[in-house]
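The residues making up each chain are set out below.
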Amino acid sequence: MKIADIKAVYPKWTKLPESKWQSRFWQIVVRVEADTGDVGYGYGGGGEAGCLVINRHMRELLVGTEINSVNAIQHVWDRLYHLSLPYGRKGLAVMALSGVDLALWDLLAKAQGLPVHRLIGDRSKDTVRAYATGSNVERYRDSGFLANKFPPAFINGSPDYAGTEVMARRARTALGDKATIMTDCYMGWDVQTTTKMAQVLSEFDLYWFEDLVTPDHLAEQAALKPVIAPIKIAGGEHEVTRFGFKSILESGALDIWQPDLTWCGGITEGLRILDLALKNNIPVVPHRGGEPWGLHFIVSTGCEDLAETMPERWDIGADVLWINEPHVVDGYIRPTDEPGFGVRLNEALI
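Residues numbered from 1 in each chain as written. Predicted model: local features only at pLDDT ≥ 70, side-chain atom pairs only at ≥ 80, totals over all residues. Heavy atoms only, no water.

(A) Region of the structure containing the sheet that holds strand β3 (residues 39-44). Overall, antiparallel pairing links the three strands, which are arranged β1-β2-β3 in an open sheet. Of all the strands in the sheet, the pair left with one neighbour each is β1 (3-9) and β3. With direction set aside, neighbouring strand axes in the sheet form an average angle of 15°. Where strand β2 (residues 28-34) lies against β3, six bridges are found, and the strand directions are antiparallel. The residue bridging I28 from the neighbouring strand is G44, located in β3. Contacts from helix α2 (residues 47-62) reach β1 and β2, with the element oriented near 170° to β1. (Pairing = 2+ DSSP bridges. Helix = DSSP H or I, 4+ residues; strand = E, 2+ residues; numbered from the N terminus. Axes fitted to C-alpha atoms, helices over the stretch in contact; angles between N-to-C directions. Contact = heavy atoms within 4.5 Å.)

Following this line, the structure appears as structure tokens:
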């Protein structure tokens, strides 16, 4: 089959849930149609600017391209990356390319009547252990979660040690001694804060500190690893492509890599990043891995058995962009075996 048309659209969000990452990162929907009538959908980033990159540049490169295998998708990725390189390499261009790549995987899988995870590889996990990102730990406990990533406390923009200790104690008390708990400061700490937080939170057995500083502070994170051990340093959601993650590898900055498939380059580049990580014995836990694309990726690769979810996104009244998206049941989540990613687009938001 050949690509007949491609279009990217920024959704018309109306009732965003508590965690408003959809608007902060300008998630976009990419639709690819083949001359066979098959249609694939992807999820990328970059908002209206990302749409412009796809609709005004990548589209003219893609229409007429034959898509008959995973190798063909890889060739498309390499070509689009190369031809957008003068203004790309990172940021908007790769976020846009991520949406295109996911749409092509969805398209190919649908054309073959297979779930995407079958195209990726042999399924090694039936279900994936889910963790809830947020502060409503009692709700997460009652929903069956056995893992939580809570936000640390801040007072007027400054780290709040006592408040963060309260949050950690709540999570450990609610979920129990065997639960996995983490915290994500979203680039809000520095070396001194991280060192002190590791001491303050030592009794709660945290698995990782996430996004301590900006992605450019690799040397600082590398220096912190032995200081805060056994707590791990996790990150990488704002890094893209295998080239960016190679810099992380060479610096030794992170214990755990967290590429986001809707930003880092899609499944095609996600597999290359994962290959680099596994060759160097680095665990990979995709950012927002509980979304459909993340789940298909996790169950058929060597990723860790852990998927991030944001339960508030499923509240009644919240915007639902993807219909039939898998939910957590008794602390676990699994991708559908329907063709493609197994979800339908809510046209009302487009």
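Resuming the write-up.
(B) Layout of the pattern of salt bridges. For the structure on display, the rule yields 22 salt bridges. Taking the shortest distance from any N to any O, the salt bridge between E308 and K149 comes out at 2.9 Å. On the criterion of sequence distance, the pair formed by E308 in strand β12 (residues 307-309) and K149 in strand β5 (residues 147-150) is long-range, its members being 159 residues apart. Relative accessible area serves as the criterion here: at 3%, E308 is assigned to the buried category. Between E269 and R272 there is a salt bridge, with the nearest N and O atoms lying 3.0 Å from each other. Highlighted residues: E269 and R272, both in helix α11 (residues 266-279), separated by three residues, approximately one helical turn. Given the relative accessible area of 0%, E269 is considered buried. R272 sits in the partly exposed class, given a relative accessible area of 22%. One connected set of salt bridges, linked through shared partners, spans D78, R242, E269 and R272. (Salt bridge = Lys/Arg side-chain N within 4 Å of Asp/Glu carboxyl O. Buried < 20%, exposed > 50% of the residue type's maximum accessible area, 1.4 Å probe, protein only.)

(C) Structural view of the environment of A198. With respect to the helices, strands and loops of the structure, A198 is situated in helix α8 (residues 191-200). Between the C-alpha atoms of A198 and T183, which are 15 residues apart in sequence, the distance is 11 Å. In this structure A198 touches F209, I228 and I231, once residues within four positions along its chain are discounted.

(D) Inspection of the packing of aromatic side chains at higher detail. If you walk through the whole model with that rule in mind, you get 11 aromatic pairs. Geometrically, the ring pair formed by Y43 and W322 is edge-to-face, given 5.5 Å between the ring centres and 80° between the ring planes. Separated by 279 residues along the polypeptide, Y43 in strand β3 and W322 in strand β13 (residues 322-323) bring together distant segments of the chain. The pair Y43 / W322 is uniform in exposure class, with both members buried. When the ring of W77 is compared with that of Y81, the centres are 5.0 Å apart and the planes differ by 15°; the resulting orientation is stacked. Taken together, the residues span about one helical turn, with W77 and Y81 both in helix α3 (residues 70-84) at a distance of four residues. Each member of the pair, W77 as well as Y81, carries the same accessibility label: buried. Here the aromatic cluster, defined as three or more aromatic residues joined through ring pairs, consists of Y43, W293, W322 and F341. (Phe/Tyr/Trp six-rings, centres within 6.5 Å; stacked < 30°, edge-to-face > 60°.)

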